[in-house]
Amino acid sequence: MWLNFPVFASVAILLWMAATGLFLFSASKILNRLAAGLSVSGTLVLLVFVIMLWQAIDRPPMRTLGETRLWYAIFLSGIGLASYFRWKYKWLVCYSLTLAMMFLSVNLNHPETYDKTLMPALQSPWFVPHVIVYIFAYALLGASSLVAIRNIFVKSSGKTTSEPIHMADNLVYLGFSFLTLGLLFGALWAKEAWGHYWTWDPKETWAFITWMFYLIYIHYRFRNPLAHNKAMMILAAAFVILLICWFGVNYLPSAQNSIHVYTE
Amino acid sequence: MSESNKRKTWQHPWSYREGTIITVTMIVLGFALQIASGGTSFRLAGFPWNLISGVIFLAFLVLLFLFQKKHAVTKWLGGVKAALPAIFGFTFLVLLMGFVKQDVQSKNMLVELLGLNHLVKTWPFILINFYLLVLLGLVTLKRLTPFNLKNFGFFLNHFGLFLVLFSTALGSSDVKTLNMDCYEDQTEWRGREANGTVVELPVAIKLLNFTIEEFRPKLTIIDNKTGKIVIENSRQKFELLDRDAFDLFQYHLEVDTFYASSGRVEENYYPVNEPGSSPSARIKVTNLMDQSVSHGWVCSGSYAMQPEALKINENHSLIMLPAEPKKFSSEVSIVTKDGKSQTALIEVNKPFRINGWTIYQLGYNTKMGRWSDLSVLQLVRDPWLPAVYTGIFLMMAGAIFLFIFGKPKSGGTEHVA
């Protein structure tokens, strides 16, 4: 099934590239609609691929890093679009699509293993909600960090407005609620599978650190609503931690033999 | 920050600065205590002392709130300016855990001395946890009075976390985890603790049957000289033997015969189902480069049987890897001290609960694979679990609250922080 991946991925990337181009250079409403339509189709193409893959391998396609990247690309493009429909920010949808395309390209260059086996511990009704909720949270928080990073660099060119930070807040609150749910689903699952809800396994530890960083952002924003720049810095740092939790843990010496490490 | 620069440290109202000083002091003091205690693991007293100290702690919090609510320090303790440095401090400790491998002996003296390899059982961790509990407890009380429905989400998140931290910390010493080695047709009532101590249990377990369901085995190509897998950087390092024909590396494979369980007699394999038998397959291999064909058996082997590779040519051989377990389960009969007796099927992700104990399928004799007559079960007892779960469900409800209502509108509840 992964053999068809280059076809699906290329179609999605082409659609998204066209959408990004239209978003960037068009002024008319009709062209913007066309762009939105193109990006929706790109996301749908990937969704179809994921469903077919799921059926072909007889297990949820959520076990390997490549598989999580695939979900991430779907969610991120979806979130970019949703925020476009909600707030009409073209740049955010362009950034999200670019990031999603980047993740797809990584998958294209990193051919995936086609492994149907799934260890017994992962065969649980918790598997799908745990991973989906997590990747969705990652995508929302990734989008919030895009807002933050843009703001840190754009700010130097002059005027500050409160709009971007409100958008970052909205994305963080949504993302954080999913992050919390993912973490707690994981705890409930762990109790069923391993006898304890929290064992400070390296992935758990890093997931907790990630959660704490977003907690810091939320509290800081609450108490210091006017210090936009520092808040944005926290948000950017939090995303670095999130990436360590997602990919970096695989390479940390402290995490060898962790049950949570995605297979390459 | 500018107004706090004019204010002297410790002059009210306190700010982030005092919070940072207190948090850092706690961590430093914690590590000092850790060194002084010779790097031992910290363990809270078990029942009933943990319950008593928990009640005293809660009483202390409520009394502090009732009688010193207006005190500047109490007010500060219930605010973000105390909370943020504390969260930072806690994050710092967890970050240390993220980099130092936990629960293994370290060669580094400093790591051992400071207890960095078992951080959750050290003084700094306990102190910061305690401090966070004080802050969470006070802020919950503060938002509860006067009661306002607008603060419901806040209550769910903060009290939920309080309950989780409180009951995990106090309950940790009451958690019992025992491994039990069960052999087929034998009754066992002794469990092993993590440190090796053997304990007699109020439940006896007789293993009636242990079964493993396996995936089809995988095939791959190895180099005859090095013995290493030749397929690199490809999407297909292995192929699952679940189809009749497929390509692997530069070869086309056609499966003549597949036996999930077989034994070898002279040059051939025959289906048998007795201890030690192993999967085998007769395969026709066509080299896609030169169309040369080879034919023969591959077998993954077992504790009783030699594996067999199919030599394709000078360079390459086809091998079968041991099948991976798909599902393993123990059929057991359980008798408790109070005379209850029942049979149960225990498998990974499907534990069985009886008299406050939860029984998990943990492992088996991996050398013998699916012929293992040993099933390792794990028995866990955690009397504080209902409190932890209540906390977890409150937090889940809080997360859904956040999802629906998002960020509190500015001016809404900010005055109480």
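Residues numbered from 1 in each chain as written. Chains lettered and ligands numbered in written order. Predicted model: local features only at pLDDT ≥ 70, side-chain atom pairs only at ≥ 80, totals over all residues. Heavy atoms only, no water.

Draft legend 1. Quick peek at a positive patch on the surface. There is a patch of like positive charges on the surface, built from Arg43, Lys121, Lys176 and Arg381 of chain B. Within the secondary structure layout, Arg381 of chain B lies in strand β17 (residues 374-381). (Patch = residues over 30% accessible without salt bridge, like charges linked within 9 Å, V, L, I, M, F, W, Y side chains within 5 Å. Areas by Shrake-Rupley, 256 points an atom, 1.4 Å probe, with all protein chains shown as cover. Salt bridge = Lys/Arg side-chain N within 4 Å of Asp/Glu carboxyl O. Lys, Arg positive; Asp, Glu negative; His and termini not counted. Charge placed at Lys NZ, Arg CZ, Asp CG, Glu CD. Helix = DSSP H or I, 4+ residues; strand = E, 2+ residues; numbered from the N terminus.)

Draft legend 2. Region of interest: the interface of chain B and chain A. Contacts between the two partners involve 62 residues from chain B, matched on the other side by 57 residues from chain A. When the two sides are added together, the surface that chain B and chain A hide from each other amounts to roughly 5400 Å², 69% of it contributed by carbon and sulfur. Summed over the shared surface of chain B and chain A, the number is 1 salt bridge. In this structure, Arg353 of chain B engages Glu192 of chain A in a salt bridge whose closest nitrogen and oxygen atoms are separated by 2.6 Å. Viewed at the interface, chain A and chain B are joined by 9 residue pairs in polar contact (both at pLDDT 80 or more). Counted by class, the side of chain B that touches chain A contains 36 nonpolar, 11 polar and 15 charged residues. (Contact = heavy atoms within 4.5 Å. Buried area = accessible area lost by both parts, 1.4 Å probe. Polar contact = N/O pair within 3.5 Å; in protein donor to acceptor, adjacent residues only side chain to side chain. Nonpolar A, V, L, I, M, F, W, Y, C, P; charged D, E, K, R; others polar.)

Draft legend 3. Region of interest: unusual backbone geometry. Cis peptide bonds are those with omega within 30 degrees of zero, and the linkage from Phe47 of chain B to Pro48 of chain B qualifies with 0°. Secondary-structure assignment places Pro48 of chain B in the loop between α2 (16-36) and α3 (49-68). Of the consecutive residues Thr145 of chain B and Pro146 of chain B, the connecting peptide bond is found in the cis state with omega at -5°. If you trace the backbone, Pro146 of chain B turns up in the loop between α7 (123-144) and α8 (152-171). Positive phi, normally seen in glycine, also occurs at Asp58 of chain A, with a value near 60°. Residue placement: Asp58 of chain A occurs in the loop between α2 (29-57) and α3 (65-87). Classification of Asp58 of chain A as exposed rests on a relative accessible area of 67%. Look at Glu266 of chain B: it is not a glycine, yet its phi comes out positive at around 55°. The topology assignment puts Glu266 of chain B in the loop between β7 (251-265) and β8 (268-271). (Buried < 20%, exposed > 50% of the residue type's maximum accessible area, 1.4 Å probe, protein only.)

Draft legend 4. Up close: the sheet that holds strand β11 (residues 310-311) of chain B. As summarised here, the arrangement of the 4 strands in space is β5-β4-β12-β11 (chain B), forming an open sheet in which the pairing is antiparallel. Each having just a single partner strand, β5 (239-240) and β11 of chain B make up the two edges of the open sheet. (Pairing = 2+ DSSP bridges.)

Draft legend 5. Spotlight on the domain arrangement of chain A. Residues and elements named next belong to chain A. You can read the domains of chain A as domain 1 (1-112) and domain 2 (119-264). The C-alpha-based centres of domain 1 and domain 2 are spaced at 21 Å. The interface is formed by 21 residues belonging to domain 1 together with 27 residues belonging to domain 2. Both faces combined, the contact of domain 1 with domain 2 buries some 2500 Å², and carbon together with sulfur accounts for 79% of it. The interface formed by domain 1 and domain 2 contains 0 salt bridges. For the pair domain 1 and domain 2, the number of links is 2 residue pairs in polar contact (both at pLDDT 80 or more). Looking at the side of domain 1 that touches domain 2 element by element, the count peaks at 9 residues for α3. Tallied by class, the residues present in the side of domain 1 that touches domain 2 amount to 16 nonpolar, 3 polar and 2 charged. (Domains from an automatic or database assignment.)

Draft legend 6. Examining the pairing of strand β9 (residues 278-287) of chain B more closely. Residues and elements named next belong to chain B. β9 sits mainly inside the fold: 8 of its 10 residues count as buried. In terms of strand pairing, β7 meets β9 through 9 bridges, oriented antiparallel. Among the inter-strand pairings, Phe258 is bridged to a residue of β9, identified as Ala281. Inspection of the sheet shows β9 paired to strand β10 (residues 293-299) by 7 bridges, in the antiparallel sense. By the bridge assignment, Ser280 is partnered in β10 with Cys299. The antiparallel hairpin formed by β9 and β10 contains 5 residues in its connecting segment, where Gln291 sits at a positive phi of about 60°.

Draft legend 7. Seen up close, α8 of chain B. Taking 1.5 Å per residue as the helical rise, α8 of chain B with its 20 residues ought to reach 28 Å, and the 27 Å between its terminal C-alpha atoms agrees with that figure. Of all 20 residues that make up α8 of chain B, 14 are buried, and the element is covered over most of its length. (Expected span 1.5 Å × (residues − 1).)

Draft legend 8. Broad picture of the packing of aromatic side chains. Tallying each qualifying case throughout the model produces 43 aromatic pairs over all chains. Note on Trp126 of chain A and Phe185 of chain A: the rings are 5.6 Å apart at their centroids and 50° apart in plane angle, and the pair reads as tilted. Taken together, the residues Trp126 of chain A in the loop between α4 (90-109) and α5 (127-155) and Phe185 of chain A in helix α6 (residues 163-194) connect sequence positions 59 residues apart. Since its relative accessible area comes to 17%, Phe185 of chain A is described here as buried. Taken together through their ring pairs, the aromatic side chains of Phe176, Trp198, Trp200, Phe208 and Trp211 of chain A together with Phe90 and Phe125 of chain B make up a single cluster. The ring of Trp91 of chain A carries Arg150 of chain A above its face, with NZ or CZ at 4.2 Å from the centroid. Positioned above the aromatic ring of Phe154 of chain B is the side chain of Arg143 of chain B, whose terminal nitrogen or guanidinium carbon lies 3.7 Å from the ring centre. (Phe/Tyr/Trp six-rings, centres within 6.5 Å; stacked < 30°, edge-to-face > 60°. Lys NZ or Arg CZ within 6 Å of the ring centre and 35° of its normal.)

Draft legend 9. Examining the side chain of Ser277 of chain B more closely. All names here are of chain B. You can see Ser277 is positioned in the loop between β8 and β9. On the basis of relative accessibility, which here comes to 5%, the residue Ser277 falls in the buried class. A distance of 2.7 Å separates the side chain of Ser277 from the side chain of Ser261, its partner in a polar contact. The residues touching Ser277, leaving out its near neighbours within four places in the chain, are Ser261, Ser262, Val272, Ser302, Met305, Arg370 and Trp371.

Draft legend 10. Quick peek at the pairing of β17 of chain B. All names here are of chain B. With 7 of its 8 residues buried, β17 lies for the most part within the structure. Pairing of strand β1 (residues 176-183) with β17 involves 8 bridges; the strand directions are antiparallel. When the sheet's bridge partners are listed, Lys176 is paired in β17 with Arg381. As paired strands, strand β16 (residues 357-364) and β17 are joined by 6 bridges and run antiparallel to one another. Of the residues in β17, the one forming a bridge with Tyr360 is Gln378.

Draft legend 11. Here's a closer look at the pattern of salt bridges. Residues and elements named next belong to chain B. Here the structure, examined in full by the defined rule, presents 14 salt bridges over all chains. For the salt bridge of Arg243 with Asp242, the shortest nitrogen-to-oxygen distance reads 3.1 Å. Where salt bridges share partners, they join Glu239, Asp242 and Arg243 into one cluster.

Draft legend 12. Representation of the side chain of Asn50 of chain B in the model. Residues and elements named next belong to chain B. Note that Asn50 resides in helix α3. Of the polar contacts made by the side chain of Asn50, one reaches the backbone nitrogen of Phe47; its length is 3.3 Å. Within the local environment of Asn50, its side chain forms a polar contact with the backbone oxygen of Leu170, the two atoms lying 2.9 Å apart. In this structure, Asn50 is in contact with Ala45, Leu170, Ser173, Asp174 and Trp384, ignoring residues within four places of it in sequence.

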